[in-house]
There are 4 protein chains.
Amino acid sequence: MTKVRVGVAGYGTIGQRLADGVALQEDMELVGVADLAPTLAIRALYEKGMPYDLYLVDGADKAQFDALGIPVSGDFEELIDKVDIMLDSSPGGVGAKNKEIYEKKGVKAIFQGGEKNSVADVFFHGYANYEKGIGKDYLKLTSCNTTGLIRSVDCLDKAYGIEKVAITIIRRVADPGDYHRGLTNALQMDKAPTHQAVDLMTIMPHINATGILVHTPVTHGHIITVVATGKQKITKEMALEAFEKHPRIRVVSIDEGFKGNASFFKYARDLGNSRGDMYEIGLWEDSIVESGNDIMYAINIPQESVTIPETMDGIRAACKMQLNGEEATAKTNEYLKIGRFKKK
Amino acid sequence: MTKVRVGVAGYGTIGQRLADGVALQEDMELVGVADLAPTLAIRALYEKGMPYDLYLVDGADKAQFDALGIPVSGDFEELIDKVDIMLDSSPGGVGAKNKEIYEKKGVKAIFQGGEKNSVADVFFHGYANYEKGIGKDYLKLTSCNTTGLIRSVDCLDKAYGIEKVAITIIRRVADPGDYHRGLTNALQMDKAPTHQAVDLMTIMPHINATGILVHTPVTHGHIITVVATGKQKITKEMALEAFEKHPRIRVVSIDEGFKGNASFFKYARDLGNSRGDMYEIGLWEDSIVESGNDIMYAINIPQESVTIPETMDGIRAACKMQLNGEEATAKTNEYLKIGRFKKK
Amino acid sequence: MTKVRVGVAGYGTIGQRLADGVALQEDMELVGVADLAPTLAIRALYEKGMPYDLYLVDGADKAQFDALGIPVSGDFEELIDKVDIMLDSSPGGVGAKNKEIYEKKGVKAIFQGGEKNSVADVFFHGYANYEKGIGKDYLKLTSCNTTGLIRSVDCLDKAYGIEKVAITIIRRVADPGDYHRGLTNALQMDKAPTHQAVDLMTIMPHINATGILVHTPVTHGHIITVVATGKQKITKEMALEAFEKHPRIRVVSIDEGFKGNASFFKYARDLGNSRGDMYEIGLWEDSIVESGNDIMYAINIPQESVTIPETMDGIRAACKMQLNGEEATAKTNEYLKIGRFKKK
Amino acid sequence: MTKVRVGVAGYGTIGQRLADGVALQEDMELVGVADLAPTLAIRALYEKGMPYDLYLVDGADKAQFDALGIPVSGDFEELIDKVDIMLDSSPGGVGAKNKEIYEKKGVKAIFQGGEKNSVADVFFHGYANYEKGIGKDYLKLTSCNTTGLIRSVDCLDKAYGIEKVAITIIRRVADPGDYHRGLTNALQMDKAPTHQAVDLMTIMPHINATGILVHTPVTHGHIITVVATGKQKITKEMALEAFEKHPRIRVVSIDEGFKGNASFFKYARDLGNSRGDMYEIGLWEDSIVESGNDIMYAINIPQESVTIPETMDGIRAACKMQLNGEEATAKTNEYLKIGRFKKK
């Protein structure tokens, strides 16, 4: 079988993980990654021995790379010429400009959450609307919070039917290593409704969603509480049964040692996962409570890596590698070893 | 009129503020405060010139106070002999022991949230169940989060009727200056349902309440999101109208500069409020959203001082100073200058 | 005696405290404060009943103030016309522009640390070089860290002679309530030598100084460690003796309860100081250690308020209110009640 | 060649990394690890497929492990019977008890920094006193800060001679994932002199050392500033030359992107290092400044992993695998791939 050839634009927090994710897909080939400057991520790529070829985007100063001895395989257009599809994780707004090149070159592309929806033909989630992405040229992935949130809502929706959700996002404000943004001893409000609720309605238009987002001064993983109204009464046992079956949801408890978002990061590090990444969202069994006919629960979103599986799903849809979501997500899960922890 | 004579046991974070609060009530007399050791709070009391008389509880080493020149007015029982009612803000569990002395001496007492409900005849909130406290000997105040939460829920309930609430508490983990507890770069889960929801149902048994609590590494003010189901559809305008009228709720917006919990603390400091305290809860106008027939909003709880007004209300109830809650809370508000900021 | 008439440009973190400081000086008159927009600080001024008259700087939209009912006393030039000296705590760079107006109007001015040294005739510290500021038109105050650092170094220098200092500044990264800057779970390096060491050498040219600054994600008070080389061996006892005598240095110990920077803020709040401000630096007795012939110690810098006394000294120098530093600092200390805590 | 057989007691933050480190030494065999309860670290070991055999220490409840399906290879004494040397990273104080078993069984042991010095024959550092550990039965490793500090001081001392150091430790207060300790918006002082300075003098008795330690609310890496007095004047160039040559010191600059401790953690994650660990200390080229005849600089200590190489050195010394430090540290470095990043 010919492998689908994939390039990555922007080798930052998301781009590095996209490249690693593609490299693990046995039916895809990572052609190379493109970036602008010898950042720490690029220096680390070099120190690791250049497992991925590096291309330079417009505006890059090749002399800087030469001075450091970092080999460069070509420019951005050369990368694009070699691929079937680009994963664009450039800084917000750059993806829209890159799209002009992708269109000119006739390659497909998947954009990350930072771009406007209008950049893409479809706003995409591997579980909730795979079929909408099939064969499309330009997809936009949901953001990290929305991706994880939809996993859990779609899971309940498929099992029991969901009418309405009200969410509270307790957002980590910066990634580990970020120095360009941060918050010190302060919680910060966003105006409601938060965009993740609005985005959920775009992907799942049959559900009414709203919510409030509060930024918190931590770096490892958002926590979202969800109040979900079912078409029928959903008990704690029913919710738990559905969540336990989902490959990309890891059901845990406080008593096991998962005391909060930092426990997930520690656990992922102890697992030896590269960068301490985790593809699954966490869901606390002991957070699930019934509120009248509604069900309430809390999930943990590993913001740096949660969108990687759904982006792999997106490649599968756009390039028609699988024609239904169930098969596609199963392939992605297999290659990323997602779900190996599931109770038999 | 004879003033009600009040003593304070435990001159810590809450005790200091209770003493200041009583001192402002023109129909009460602060007889003195009692503590165990020359803490920073006691040293500050001394440096300020001993505005309040100090008594020592059992186990205190008077020599330590003498060495520092801090005048002592007597022991704990001597204080109790001079008062009508004690406000007990001792560390959790000590209040229950102190109660034996209060019973022996025949004085009333109000305990803070750290004690078990069984310590008191009534679990009390100035707005939600004033009448239950009238003439009772032992009251227990709701905790800071519950006090503020109930203000907002009772406000909507009185105006429109509330059936159910689902809350998410984004809890500040320590007070400014705390070194005995803290959290670093981590959010921490509590098992659901959180006790504040359970407590709300004790005070307001006609409402179904549940919720999830997440600890965050900040010091200034909890934030709670509330999803409230009305007996009728409550619109944003209806909610806002009710909140605007409540003297102990300060309606603000992000655009005015109230960006989060730290803005309230800054504002209280800029107001020149002693210790930067704030008696009102904050409520963000731009957090209010409708979720189907439910209404959702976010409030800010100034954890160090929010229970002071309701404790003053408690004195009024226990000592039968006023025989209905409306008059009592109005008196408290007048003396604490609460509501002066309200739009006319 | 005619009082010196003072205006304040920029009613932010420093400007508010300068205004309060001037208002306490019985030989000065606070004419008014000037600002640009109805910030939280201005809204608090209004809610307090306008204890200070407000003037609007160029670019302000008076309609915004009118809509809120905030009375405006005039424009910036009108304020300047009424004063002898302006305290300029505008955002960095604005002071240099304002200086053109001050020069045109012939009023003196004192600039805060954010401006370039070239804006002023003299880089000023009340204890270390008072005489240089006498009668000068334009002074620039040392920054908060430098102000506190110099207090301690000058104190040792006057007592025993200092040749050299090497400092480590553990800097709080934001003020309480700041949302425009912050750091989350990260220490951040500045390039060495840090400017505070360079500034110290400008004020005290006979001392060799260098140092390293590290930003930390806290809001209450910088901590500086100082390694000082004396002209003679300085023992711990000698250092302590000198520090104990200095009115603007508060000698404390961990055992008393001063566990870190947050303890000072707590203590200042408990003292009832407006905004929890502290004019004195803290110095830990149990941090003082001898390193061969050098002496090492740690101080706490209350960044929001520490420069207020030295700015009052600056007014005294520029306006020739006192002709030597000892008398001037004594006057400032008297009106600000600095030193009242000193052991007799 | 017969491999030295090694066991690890305590599979926590340090124990996990010791096990990984031993597993990489081609002349050692990791026999197994011992622990008490199915912590997250043990659960991760299981989810990874038990790369290391697990033994249970006294007091463990085997039923808990059985219930989770985690295979157990035996009890603590069975592990000890199979090894030549134990690495004891039990909680502080437990190591001293374990020593009785080690003595009974006649196996050597290396204790981590949490134990008292008296537990061991020698207080050990691979570079500074390797020869003292040769053939000894019980070594105690220096703590993480002391280990990293000594690397840098020994490096200068060997090159130029050092007489005196004065250090400021800006300590991270908790590891990522810690929920049992933490600090929120506060810097915390320890009494001076800090134990790391005292420990340095134990290892390097010809140097006079003192210092101050301040805890900060971050999780990734301590930063230490060092003021070092040479036997001769040490210029920045001289210091840099020595640091550049040291395999366990990584010289970096702010301009490259190493903005603080969080940058090192990010870089180690991007390198794909297991758990984001880093064996080298970081040293900022742009922190090095001359202070008269002294030299001042700042280093970054990756607290979770920095002691691993020196512990490997300790095994080499205790088991007489190499008879001089240069050969031993070279072997350790080779197997841990330390120094691969060094400029040629």
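As shown above, the structure is provided for reference.
Read on for an overview of the structure. (Residues numbered from 1 in each chain as written. Chains lettered and ligands numbered in written order. Predicted model: local features only at pLDDT ≥ 70, side-chain atom pairs only at ≥ 80, totals over all residues. Heavy atoms only, no water.)

This part is about the sheet that holds strand E5 (residues 85-88) of chain C. Residues and elements named next belong to chain C. In space, the eight strands of this open sheet follow the order E4-E3-E2-E1-E5-E6-E8-E7, with parallel pairing throughout. In this open sheet, the two edge strands, each paired with only one partner strand, are strand E4 (74-75) and strand E7 (122-124). Pairing of strand E6 (residues 108-111) with strand E8 (residues 138-141), which is carried by three bridges, proceeds in the parallel orientation. The partner of alanine 109 across the bridge, within E8, is tyrosine 138. (Pairing = 2+ DSSP bridges. Helix = DSSP H or I, 4+ residues; strand = E, 2+ residues; numbered from the N terminus.)

The packing of two helices is summarised by the inter-axis angle and the distance between the axes. Interhelical geometry of helix H10 (residues 261-270) of chain A versus helix H2 (residues 40-47) of chain D gives an angle of 45 degrees and a closest axis separation of 9 Å. Considered as vectors, H10 of chain A and H2 of chain D are oriented oblique to each other. Judged by the sense of rotation from one axis to the other, the crossing of H10 of chain A with H2 of chain D is right-handed. Facing Ser263, Lys266, Tyr267 and Asp270 of chain A of H10 of chain A, the residues of H2 of chain D in contact are Leu40, Ala41, Arg43, Ala44 and Glu47 of chain D. Along the lines of polarity and charge, the residues of the contact of H10 of chain A with H2 of chain D split into four nonpolar, one polar and four charged. (Axes fitted to C-alpha atoms, helices over the stretch in contact; angles between N-to-C directions. Parallel < 35°, antiparallel > 145°, perpendicular 65-115°, else oblique. Left-handed = near helix turned anticlockwise from the far one by under 90°. Contact = heavy atoms within 4.5 Å. Nonpolar A, V, L, I, M, F, W, Y, C, P; charged D, E, K, R; others polar.)

This part covers helix H11 (residues 307-318) of chain A. Residue and element names in this part refer to chain A. Here H11 is 12 residues long and its end C-alpha atoms lie 16 Å apart, about the 16 Å a rise of 1.5 Å per residue gives. Within H11, 12 of the 12 residues are buried, which leaves it mostly tucked inside the rest of the structure. Within the span of H11, buried status applies to Thr307, Ile308, Pro309, Glu310, Thr311, Met312, Asp313, Gly314, Ile315, Arg316, Ala317 and Ala318. Looking one or two places after H11, you find lysine 320, whose phi comes out positive at around 50 degrees. (Expected span 1.5 Å × (residues − 1). Buried < 20%, exposed > 50% of the residue type's maximum accessible area, 1.4 Å probe, protein only.)

What follows is about the relation of the copies chain B and chain A. Of the transformation superimposing chain B on chain A, the axial component is 0.0 Å and the angular component is 180 degrees, with the fit at an RMSD of 0.0 Å. Expressed as a symmetry operation, the mapping of one chain copy onto the other fits a two-fold axis. The overlap is high: 100% of the interface residues of chain B also sit at the interface in chain A, so the same surface is used on both sides. (Least-squares fit on C-alpha atoms with pLDDT ≥ 70 in both.)

Right, let's talk about H2 of chain D for a bit. Among the eight residues in H2 of chain D, seven count as buried, and that is most of the element. Along H2 of chain D, the residues that are buried comprise Leu40, Ala41, Ile42, Arg43, Ala44, Leu45 and Glu47 of chain D. Where H2 of chain D is buried, its residues contact strand E13 (249-252) and H10 of chain A together with helix H1 (13-24), strand E2 (28-35), strand E3 (54-56) and helix H3 (62-68) of chain D. Phi for glycine 49 of chain D, located one or two positions after H2 of chain D, is positive at around 95 degrees.

Attention now moves to the pairing of strand E12 (residues 222-230) of chain A. Taken residue by residue, a regular strand's side chains alternate between the two faces of the sheet. Residues and elements named next belong to chain A. Most of E12 is tucked away, with nine of its nine residues classed as buried. The alternating pattern of E12 places His222, Ile224, Val226, Ala228 and Gly230 on one face and Ile223, Thr225, Val227 and Thr229 on the opposite face, and all of these are buried. Sheet analysis places strand E9 (residues 162-172) next to E12, joined by eight bridges and oriented antiparallel. Pairing of threonine 168 across the sheet is with threonine 225, part of E12. Inspection of the sheet shows E12 paired to strand E16 (residues 294-301) by eight bridges, in the antiparallel sense.

All right, on to the environment of alanine 317 of chain A then. Residues and elements named next belong to chain A. Looking at where alanine 317 falls in the secondary structure, it is placed in helix H11. Note: C-alpha distance between alanine 317 and lysine 136 (181 residues apart in sequence) is 7.6 Å. If we ignore the near neighbours within four places in the chain, the residues touching alanine 317 are Phe124, Tyr130, Gly133, Ile134 and Gly135.

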